[in-house]
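Chain residues, written in single-letter form:
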Amino acid sequence: MITSKMASEHMKVLIQKKDAIESEIKEMSDVLESQKGVGMKGPLVDAEGYPRADIDIFSVRHARHRIACLQTDHTNVMKEIEEELHRIHLQVRQQRGHEEMPMEVSPAVSPSNQAQPFARIDRVDATSPAAVGGLEVGDEIVQFGSVSAENFRNLQQIGEVVQHSVGRPIRIQVLRNNQPLAVSITPGPWSGRGNLGCNIIAIKR
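On a predicted model such as this, the values are computed, not experimentally measured, just so you know.

### Some details on the overall build of the protein
Working step 1: In terms of regular secondary structure, the protein is built from five helices and six strands.
Working step 2: Counting from the amino terminus, helix and strand elements in the protein follow one another as α-α-α-β-α-β-β-α-β-β-β.
Working step 3: Looking at the protein residue by residue over its 205 residues, the buried ones come to 35%.
Working step 4: Summarising the internal contacts of the protein: among those between residues at least 6 apart in sequence, 65% fall at separations of at least 24.
Working step 5: When the accessible area of the protein is evaluated, it comes to approximately 12800 Å², of which 53% is carbon and sulfur surface.

### Details of helix H5 (residues 156-163)
Working step 1: All of the buried residues in H5 are Gln 157, Ile 158, Val 161 and Val 162. An end-on view of H5 places all buried positions within 140 degrees of arc, on one side of the element. Opposite its buried face, H5 presents the exposed residues Gln 156 and Gln 163, each directed more than 90 degrees away.
Working step 2: Lining the buried residues of H5 we find strand E2 (140-144), strand E3 (147-148), strand E4 (170-176) and strand E6 (198-202).

Each value, and the rule that gives it
- Residues numbered from 1 in each chain as written.
- Predicted model: local features only at pLDDT ≥ 70, side-chain atom pairs only at ≥ 80, totals over all residues.
- Heavy atoms only, no water.
- Helix = DSSP H or I, 4+ residues; strand = E, 2+ residues; numbered from the N terminus.
- Buried < 20%, exposed > 50% of the residue type's maximum accessible area, 1.4 Å probe, protein only.
- Contact = heavy atoms within 4.5 Å.
- Areas by Shrake-Rupley, 256 points an atom, 1.4 Å probe, with all protein chains shown as cover.
- Arc of directions from axis to C-beta.

Okay, structure coming up:
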């Protein structure tokens, strides 16, 4: 059985691993940006089909390959973090034992009482803060920082949250394939436009 202390230590290790991956992705993205902003998809040959002389092609290829590998590692560690969170929450419920009545818990997790999404992700740019944080196309946003379905009026609210959170993590709750999922996105400069690197559209009710 995993104790609460062990679970907390394991979570700490996972978060450190996530932070290290995100830091290296940022470093590799900076390499691509330094090479004429070639990014992940910019051409490596000139108009005549010859290798470009204005960039270090070896460095670009290495950075692109490394970013692709790191993105896979990031997806995996985010899944581990999510699983660990579930384990920790389960332990808390078990430790409380008889303090909680099953009939009181059931409505909280009932699909009918599940928070309703108010926006959807319809584009995520590779290597962007959104991609690094784990957002995917099709994710339906239930909460974006302080914005939820209860107080959502327009997409400008999300823009304001991003603007005031540059360099600081934003907790985002989404539905992915009708399953709840929490991710943490840290908006900031990257090789593309904006501080988030994704497109969000409102869900009309």
